[in-house]
Amino acid sequence: MKPFFITTPIYYINARPHLGHAYTTMVADAIARSRRLLGYDVFFLTGTDEHGQKVERAAQKAGVNTDAFANDVAASFRQVSRDLEITNDDFIRTTEPRHHRAAQELWRRVAAKGDIYKGDYEGWYCTVDEIFVPETQLVDGKCPTCGSKVERLKEESYYFRLSKYQQPLLDFYKANPTFVQPDFRFNEVKTFVEAGLQDLSISRTSFQWGIPVPDDPKHVMYVWFDALTNYLTALGFGSDRPEAQERVDRFWPVAIHLIGKEILRQHALYWPAFLMSAGIRPPDRIIAHGWWLMGGAKMSKSIGNVARYQDYAEAFGVDALRYFVMREMPLGQDANFSDEGILTRYNADLANDLGNVVSRTTTMVHRYSSGTIPEARRPGSDDLDAQLENQLNATVAAVRQDFEAFQISLALQRIWELIRSVNQYIVKREPWALAKDPERRPQLEATLYHASDALRVTAALIDPVMPGTAERIRRMLGIAQEPWTNLSAGTLQPGTRFGPTEPLFPRIEKSLEELRGMSTQDASQTSGQTAPEDARISIDEFMKVDLRVAKVLEAEAVPKSKKLIKLKVDTGRDQRTIVAGIAEAYQPEQLVGRTIVVVANLQPAKLMGIESNGMVLAGSPDGGKPILVAFDQDVPAGSRVR
Ligand code: MSP
């Protein structure tokens, strides 16, 4: 079996996993599953990147020791696999001894090559992205990548001779024209390298939470030197066990690193340079995907506009979430994440197209053939069956290619064309009419056979993206999972007994606003922020939230909404509109004149088309209705609440 090694980035543990992280992991999983179906021997790796100053600081701020902090957040990244049907073979943590050994081994090899020297670093550093930022690249004195404040560093540091690898890198890129996908990203990398490379600072002395530099433990390794090595660690690099070396030899360098576009430079430039220096071949390919945007900006913890993947998996199902993200975002491009987007695709593609074809076909087989697949007797002149078979075979071939080229969105598009064709085929054949005419029984049987056969192929093709749904369809069809290696039309066995039909993807008729109630996502007014649950905040952080006493001046129900009320409130400083989700508990007229508490400095958000400028505080008992916060004496509007 051909080896295939697929990795996700290892995730920083300063934030709990959100949809952005879960996305990469889901895509990597679909790739891993597709390769298994194609007959590869797959090794699929994900994990956590646990060292660095920001983790040390986050733990201090939370008032817990760094180990405990790391264990806790790493566990929530592990949980992603359980929540989203992820089939990773290993989960690596950079705090594990096996990884310390591997990173130190890589360091030693690079040092032995003469590529590491000691110097002083003076310059700017972004702790959020863990990158050194040249003065010329600062934007308004801030990090050009994430916009956060940079820090001035002045410390002794080891350097890697990156400048020496400019030409070797360019030669390597030339010899490996598919090294970075998509092409336009590869061009960016080449342009950057062509402009010249500076040596890279690869150690720090101002904090401890890292891997000690061999023979000079005052220094810890720069997190990216440490982190990138994880891909080798997991195979067994740095271990002296013979089977470890065997695994390295088997799965390296056939590695595919799937990453977000913001960490391309580290993967397409630093990583191959470190490896070349250590005498190890660079990986086969780097695939850089785009960003999920929410409200126009990259979904990220630092902005606070993150969607909790758990909310969507709960509201729509794991497979629907997997389908949506992989269908919606073509390789390399950015895409918007919204409730509306996922709801629309759910109802159109899943409830309507896929749900229909499954229920029609299986119901037909039960009704007209007692749940058993008849012989595929071909009614001579009618070429509808042949057309469908041709489309099936063509789709299998194209989808295999799409997956091999990591174009999952394209593959899904094709599969859905097939699904729509099968629906049309059934409509054209009118089995309900054929069933009334015993002379046309052969045509009816052919229809049942071909539609069911198409469903079998469909289940196989959606398997990497929607494994649970594929399995449910197979159960209805009474068949086992099939590899993609000899998937073709016409191999469904006559006599196969169908299992009971079960509904897939019932339509969701709820309004967006009700769905929002189900999830906590909504643009700004959410608990979606991913601070560790046990992390304490400082008084300064608390004081950033401007809690004010306000008086309700006007209140009216928001049309077509069960939950929302539009309020006009006096905050002592201004009068403003706030939309509150309290209509199930309060009548508008009960609210006028009331004293309430609002978050006055929340970014505006649109709810049912109305701009809301703040949030009303209420107790939210589990499963119960909201109860407004109130005072036991009169407090004037505008008073601060703290
Ligand atoms: N620890 C480094 C990676 C080291 S790899 C040797 C890191 N970690 S991270 O926690 O910041 O995760 C970044 C990755 O999470 C991105 O590359 C991407 O895979 C995923 N995403 C995080 N936010 C995302 C979006 N808004 N959209 C898409 N993917 C996102 O960088």
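Residues numbered from 1 in each chain as written. Predicted model: local features only at pLDDT ≥ 70, side-chain atom pairs only at ≥ 80, totals over all residues. Heavy atoms only, no water.

Colleague: Where do I start with the overall build of the protein chain in this structure?
Modeller: Along the protein chain, the regular secondary structure elements total 21 helices and 25 strands. At 29 Å, the protein chain has a C-alpha radius of gyration in line with the 26 Å of a compact globule built from 642 residues. Along the first, second and third principal axes, the C-alpha atoms of the protein chain reach 90 × 75 × 40 Å. Looking at the protein chain as a whole, 55% of its 642 residues are labelled buried. Contacts in the protein chain between residues at least 24 apart in sequence constitute 75% of all its contacts with a sequence separation of at least 6. (Helix = DSSP H or I, 4+ residues; strand = E, 2+ residues; numbered from the N terminus. Rg over C-alpha atoms; globule rule 2.2 N^0.38 Å. Buried < 20%, exposed > 50% of the residue type's maximum accessible area, 1.4 Å probe, protein only. Contact = heavy atoms within 4.5 Å.)

Colleague: Before we go on, may I ask you to explain the side chain of E482 in this structure?
Modeller: Among the structural elements, E482 can be located in the loop between α18 (467-477) and α19 (512-518). Polar contacts involving the side chain of E482 include one to the side chain of R456, which spans 3.0 Å. Ignoring anything within four residues of it in the chain, the contact list for E482 reads L37, R456, L487 and T491. (Polar contact = N/O pair within 3.5 Å; in protein donor to acceptor, adjacent residues only side chain to side chain.)

Colleague: In this structure, what is going on with the confidence of the model for the protein chain? I would like to understand it.
Modeller: Where the model shows low pLDDT, its predicted coordinates should not be examined in detail. Taken as a whole, the protein chain shows an average pLDDT of 92; of its residues, 95% reach a score of 70 or greater. A low-confidence stretch, residues 519-534 (pLDDT under 50), is modelled with 49 contacts involving residues beyond four sequence positions or located in other chains. (pLDDT = per-residue confidence, 0-100.)

Colleague: So what exactly am I meant to see when it comes to the pattern of salt bridges here?
Modeller: Pairing between side chains of opposite charge can happen when their charged atoms approach one another. This structure, assessed with the given rule, holds 39 salt bridges. For R250, the salt bridge goes to D41, with nearest N and O atoms at 2.9 Å. Separated by 209 residues along the polypeptide, R250 in helix α9 (residues 242-251) and D41 in strand β2 (residues 41-49) bring together distant segments of the chain. Here E188 ties to R185 by a salt bridge, and the two come within 2.8 Å at their closest N and O atoms. Highlighted residues: E188 and R185, both in helix α6 (residues 183-194), separated by 3 residues, approximately one helical turn. (Salt bridge = Lys/Arg side-chain N within 4 Å of Asp/Glu carboxyl O.)

Colleague: For this particular structure, what's the right way to read the packing of aromatic side chains?
Modeller: Two aromatic rings, taken as a pair, are described by how far apart their centres are and by the angle between their planes. For the structure shown, the criterion picks out 33 aromatic pairs. Among the aromatic residues, those joined into a ring-pair cluster are Y23, W292, Y312, F316, F324, F337, Y346 and F505. The ring of Y40 carries the charged tip of R35 above its face, separated from the ring centre by 5.0 Å. Lying over the aromatic face of Y125, R204 brings its terminal NZ or CZ to 4.5 Å of the ring centre. (Phe/Tyr/Trp six-rings, centres within 6.5 Å; stacked < 30°, edge-to-face > 60°. Lys NZ or Arg CZ within 6 Å of the ring centre and 35° of its normal.)

Colleague: So what exactly am I meant to see when it comes to the site of the ligand here?
Modeller: Taken together, 24 residues are adjacent to the ligand, and I10, T24, D49, E262 and W292 come closest. One nitrogen or oxygen atom from the main chain of I10 is found 2.8 Å from a nitrogen atom belonging to the ligand. At 2.7 Å, a side-chain N or O of D49 approaches a nitrogen atom of the ligand. Across the complex, the protein chains shield 94% of the 670 Å² of accessible surface that the ligand would expose by itself. (Near = heavy atom within 4 Å. Areas by Shrake-Rupley, 256 points an atom, 1.4 Å probe, with all protein chains shown as cover.)

Colleague: In this structure, what is going on with the pairing of strand β19 (residues 575-580)? I would like to understand it.
Modeller: Consecutive side chains of a regular strand alternate in pointing toward one face of the sheet and then the other. Summarising the sheet, strand β18 (residues 565-570) and β19 pair through 6 bridges and their orientation is antiparallel. When the bridges of β19 are listed, K568 appears paired with T577. (Pairing = 2+ DSSP bridges.)

Colleague: Please explain unusual backbone geometry as it appears in this structure.
Modeller: It is generally the case that most residues other than glycine have a negative phi and that most peptide bonds are trans. Put simply, Q181 and P182 share a cis peptide bond, and its omega is -5°. Relative to the elements of secondary structure, P182 occurs in the loop between β7 (180-181) and α6. Put simply, W252 and P253 share a cis peptide bond, and its omega is 10°. Turning to its location among the elements, P253 is positioned in the loop between α9 and β12 (255-260). Its identity is not glycine, yet D215 carries a phi of approximately 65°, on the positive side. Within the secondary structure, D215 is located in the loop between β10 (212-213) and β11 (216-221). With a phi angle near 50°, S370 is a residue other than glycine that sits in the positive phi range.

Colleague: What am I meant to see in helix α1 (residues 19-37) here?
Modeller: Each full turn of the α-helix corresponds to 3.6 residues, which orients residues three or four apart in the same direction. Counted at 1.5 Å a residue, the expected span for α1 with its 19 residues is 27 Å, and the 26 Å between its end C-alpha atoms agrees. Counting buried positions along α1 yields 18 of 19 residues, so the element is predominantly enclosed. Residue G39 follows α1 closely and has a positive phi angle near 95°. (Expected span 1.5 Å × (residues − 1).)

Colleague: What's the story with helix α15 (residues 408-429) in this structure? I'm lost.
Modeller: Taking 1.5 Å of rise per residue, 22 residues should cover 32 Å, and α15 covers 31 Å from first to last C-alpha, within 8% of that figure. After α15 finishes, the residue E430 shows a positive phi value of roughly 45°.

Colleague: Honestly, the environment of I473 in this entry has me stumped. Any pointers?
Modeller: Relative to the assigned elements, I473 resides in helix α18. Here I473 falls in the buried class, since its relative accessible area comes to 0%. As for I473 and R456, which are separated by 17 residues in sequence, their C-alpha atoms are 7.8 Å apart.

Colleague: Where do I start with the sheet that holds β2 in this structure?
Modeller: In a beta sheet, neighbouring strands are held together by backbone hydrogen bonds and run either parallel or antiparallel to one another. Taken in spatial order, the 6 strands line up as β3-β2-β1-β12-β13-β7 in an open sheet, and their pairing is parallel. For this open sheet the edge positions go to β3 (90-93) and β7, each flanked by a neighbour on one side alone. Two strands pair when backbone bridges link them, and β12 and strand β13 (residues 285-289) are joined in this way by 5 bridges, in the parallel orientation. Paired with I256 across the two strands is R285, which belongs to β13. Each of β1 (3-12), β2, β12 and β13 is contacted by α1, which is oriented at about 170° to β1, the strand it contacts most. (Axes fitted to C-alpha atoms, helices over the stretch in contact; angles between N-to-C directions.)

Colleague: Where do I start with the packing of helix α14 (residues 384-404) against helix α17 (residues 441-462) in this structure?
Modeller: Angle between the axes and distance between the axes: these two values describe a pair of packed helices. Axis separation between α14 and α17 bottoms out at 11 Å; the angle between their running directions is 5°. When the interaxial angle is binned, α14 and α17 end up roughly parallel. For the pair formed by α14 and α17, the contact residues are D385, L388, E389, L392, T395, V396 and V399 on the first element and A446, H450, D453, A454, V457 and L461 on the second. Across the contact of α14 with α17, the residue classes tally to 8 nonpolar, 2 polar and 3 charged. (Parallel < 35°, antiparallel > 145°, perpendicular 65-115°, else oblique. Nonpolar A, V, L, I, M, F, W, Y, C, P; charged D, E, K, R; others polar.)

Colleague: How do you make sense of the sheet that holds β11 when you look at a structure like this?
Modeller: In space, the 3 strands of this open sheet follow the order β9-β11-β10, with antiparallel pairing throughout. This sheet does not close on itself; its edge strands, each paired only once, are β9 (203-204) and β10. Where β9 and β11 come together, 2 bridges link them in antiparallel fashion. Paired with R204 across the strands is V220, a residue of β11.

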